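The primary structure of each chain is shown beneath.
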Amino acid sequence: KQEVTQIPAALSVPEGENLVLNCSFTDSAIYNLQWFRQDPGKGLTSLLLIQSSQREQTSGRLNASLDKSSGRSTLYIAASQPGDSATYLCAVTQGGSEKLVFGKGTKLTVNP
Amino acid sequence: DTAVSQTPKYLVTQMGNDKSIKCEQNLGHDTMYWYKQDSKKFLKIMFSYNNKELIINETVPNRFSPKSPDKAHLNLHINSLELGDSAVYFCASSQEAIISPLHFGNGTRLTVT
């Protein structure tokens, strides 16, 4: 059974700092990995999607990497801003199905 | 224009009642989903439909019945509501299952008293 773990559960940083969020998964048979952002009382916004054959994806100040063999992904946020404060969730699409399995998220607070 | 819209945003009801949550997407996507986010913020898939056909039914009590009248709509009907059904329910869609990112609605917070 696929399990997705995100560490840390919460992170507080000063504005301008570069930071890394971690995601690990137990079964490397995945189709892809997605990073989402969730703001309080809102739905999820897809940030980056990495297919299983890819190593990384970049969008603006965000860079996500994928090491499928070791079951790990990182989301790198450069020059963090208070507007980046949100919960970041990692999810993998399980091989052999279309199910997206989520981690519990990392709550990020960027202090001005 | 909201891409994936759910109604209502909040739903408060008593145990034993029957309620429905509606979802519509205007993205032209083929696949739609229902997810449940519990009090610990853990998101878990309930159902997925592709072009009105049920693809995933994730061991959900049969009190929950999804209905897809067309590929732009996926509604969720819940019979005989229980306290444990209290959660936030999210609708989502994707162009192509597996390879496309998901687009989520803003959620429906269901409270059963």
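Calculation criteria
- Here the residue index of a chain counts from 1 through its sequence in written order.
- The naming scheme follows written order: chains are lettered A onward, ligands numbered 1 onward.
- Side-chain atom pairs in this predicted model are given and counted only at pLDDT of 80 or more, local residue features only at pLDDT of at least 70, and totals for whole chains, interfaces and linings cover all residues.
- Water and hydrogen atoms play no part in the side-chain values, which are based on all heavy atoms of the structure.
- Runs of H or I in DSSP of at least four residues are treated as helices and runs of E of at least two as strands, each being numbered from the N terminus.
- Just to be clear, the radius of gyration here is over C-alpha atoms, and the globule rule we use is 2.2 Å times residues to the power 0.38.
- Residue contacts are counted whenever heavy atoms from the two residues lie within 4.5 Å of one another.
- Exposure categories follow from relative accessible area, calculated using a 1.4 Å probe and restricted to protein chains: below 20% of the type maximum is buried, above 50% is exposed, and the middle band is partly exposed.
- If DSSP finds at least two bridges between two strands, the strands pair.
- Only the stretch in contact is used when fitting a helix axis, every axis being a line fitted to C-alpha atoms; angles between N-to-C directions are given from 0 to 180 degrees.
- Buried Ala, Val, Leu, Ile, Met, Phe, Trp, Tyr and Cys residues form a nonpolar core when they are joined through side-chain atoms within 4.5 Å.
- In this description, buried area is defined as the sum, over both parts, of the accessible area (probe of 1.4 Å) that is lost when the two are combined.
- The working definition used for a salt bridge is a side-chain nitrogen of Lys or Arg within 4 Å of a carboxyl oxygen of Asp or Glu.
- Whenever a nitrogen or oxygen atom comes within 3.5 Å of another N or O atom, the pair is scored as a polar contact, on the condition that within protein one atom can donate a hydrogen and the other can accept it, and that pairs from neighbouring residues in sequence are kept only if both atoms are in side chains.
- Here the term charged refers only to Asp, Glu, Lys and Arg, the term nonpolar to Ala, Val, Leu, Ile, Met, Phe, Trp, Tyr, Cys and Pro, and the term polar to all other amino acids, Gly among them.

Asker: Help me understand the overall build of chain A, please; the structure alone is not making it clear to me.
Answerer: The number of helices and strands found in chain A is zero helices and eleven strands. Each helix (α) and strand (β) of chain A, taken in turn from the N terminus, gives the series β-β-β-β-β-β-β-β-β-β-β. In terms of overall size, chain A behaves like a compact globule, its C-alpha atoms giving a radius of gyration of 13 Å where 112 residues would be expected to give roughly 13 Å. Considered along the principal axes of its C-alpha atoms, chain A spans approximately 45 × 25 × 20 Å. For chain A, restricting intrachain contacts to residue pairs at least 6 apart in sequence, the fraction spanning at least 24 positions comes to 55%.

Asker: What exactly am I supposed to notice about the pairing of strand β9 (residues 86-94) of chain A here?
Answerer: Moving residue by residue along a regular strand, the side chains alternate between the two faces of the sheet. Residue and element names in this part refer to chain A. Summarising burial for β9: eight of the nine residues are buried, a large majority. As paired strands, strand β4 (residues 30-38) and β9 are joined by eight bridges and run antiparallel to one another. Residue glutamine 34 lies in a different strand from β9, and its bridge partner there is alanine 91. Two strands pair when backbone bridges link them, and β9 and strand β11 (residues 106-111) are joined in this way by three bridges, in the antiparallel orientation. Pairing of threonine 87 across the sheet is with lysine 107, part of β11. Here three bridges tie β9 to strand β10 (residues 100-102), and the two strands are oriented antiparallel to one another. In the strand pairing of β10, alanine 91 is matched with phenylalanine 102. Here β9 folds back onto β10 in antiparallel fashion, the turn holding five residues, of which glycine 96 has a positive phi close to 85°.

Asker: Please clarify how the sheet that holds strand β7 (residues 64-70) of chain B should be interpreted in this entry.
Answerer: Sheet strands line up and pair through hydrogen bonds in the backbone, either parallel or antiparallel. All names here are of chain B. Strand order in the open sheet made by the four strands is β1-β3-β8-β7, with antiparallel pairing throughout. Both outer strands of the open sheet, β1 (4-7) and β7, are each paired with one neighbouring strand and no more. The mean angle between the axes of side-by-side strands here comes to 20°, regardless of whether they run parallel or antiparallel. With four bridges connecting them, β1 and strand β3 (residues 19-25) associate as antiparallel partners.

Asker: Sorry if this is basic, but what is going on with the nonpolar core here?
Answerer: Across soluble globular proteins, you tend to see nonpolar side chains buried next to one another. Core analysis: the largest hydrophobic core is formed by 23 residues, its most contacted members being Leu33(A), Trp35(A) and Leu75(A). Broken down by secondary-structure element, the contributors of at least two residues to this core are β3 (19-25), β4, β5 (44-51), β7 (62-67), β8 (72-77), β9 and β11 of chain A. Within the second largest apolar cluster, 20 residues are counted, among which are Leu11(B), Phe47(B), Ile78(B) and Cys91(B).

Asker: Whenever I open this one, the interface of chain A and chain B confuses me. Can you help?
Answerer: By a widespread convention, an interface's size corresponds to the accessible area lost as its parts come together. In this complex, chain A contributes 20 residues to the contact, which on the side of chain B involves 20 residues. With both sides pooled, the region where chain A packs onto chain B buries about 1700 Å², and carbon together with sulfur makes up 59% of that total. If you sort the residues of chain A by the area they bury against chain B, Glu98(A), Lys99(A) and Phe102(A) come out on top, with a joint share of 33%. The interface formed by chain A and chain B contains one salt bridge. For the salt bridge of Lys99(A) with Glu58(B), the shortest nitrogen-to-oxygen distance reads 2.8 Å. At the junction of chain A with chain B, the criterion picks out five residue pairs in polar contact (both at pLDDT 80 or more). Where the side of chain A that touches chain B is concerned, the elements lending two or more residues are β4, β5 and β10 of chain A. The element contributing the most residues to the side of chain A that touches chain B is β4(A), with five residues. Of the residues contributing to the side of chain A that touches chain B, the split by class is six nonpolar, ten polar and four charged.

Asker: Sorry, what's going on with the side chain of Thr106(A) here?
Answerer: All names here are of chain A. Relative to the elements of secondary structure, threonine 106 occurs in strand β11. Its relative accessible area of 0% is what places threonine 106 among the buried residues. Every residue in contact with threonine 106, bar those within four places of it in the chain, is listed here: Gln6, Ile7, Pro8, Ala9, Ala10, Leu11, Leu21, Ala86, Thr87 and Tyr88.

Asker: Quick question: what am I supposed to make of the sheet that holds β3(A) here?
Answerer: Residue and element names in this part refer to chain A. Taken in spatial order, the five strands of this open sheet run β1-β3-β8-β7-β6, and their pairing is antiparallel. At either margin of the open sheet sits one strand with a lone partner, and together these are β1 (4-7) and β6 (56-59). Across the sheet, the mean angle from the axis of one strand to that of its neighbour is 15°, orientation sign disregarded. Pairing analysis gives four bridges linking β6 to β7, with the strands arranged antiparallel. Residue glutamine 57 lies in a different strand from β7, and its bridge partner there is alanine 64.

Spatial relationships are all this shows, so hold off on functional conclusions.
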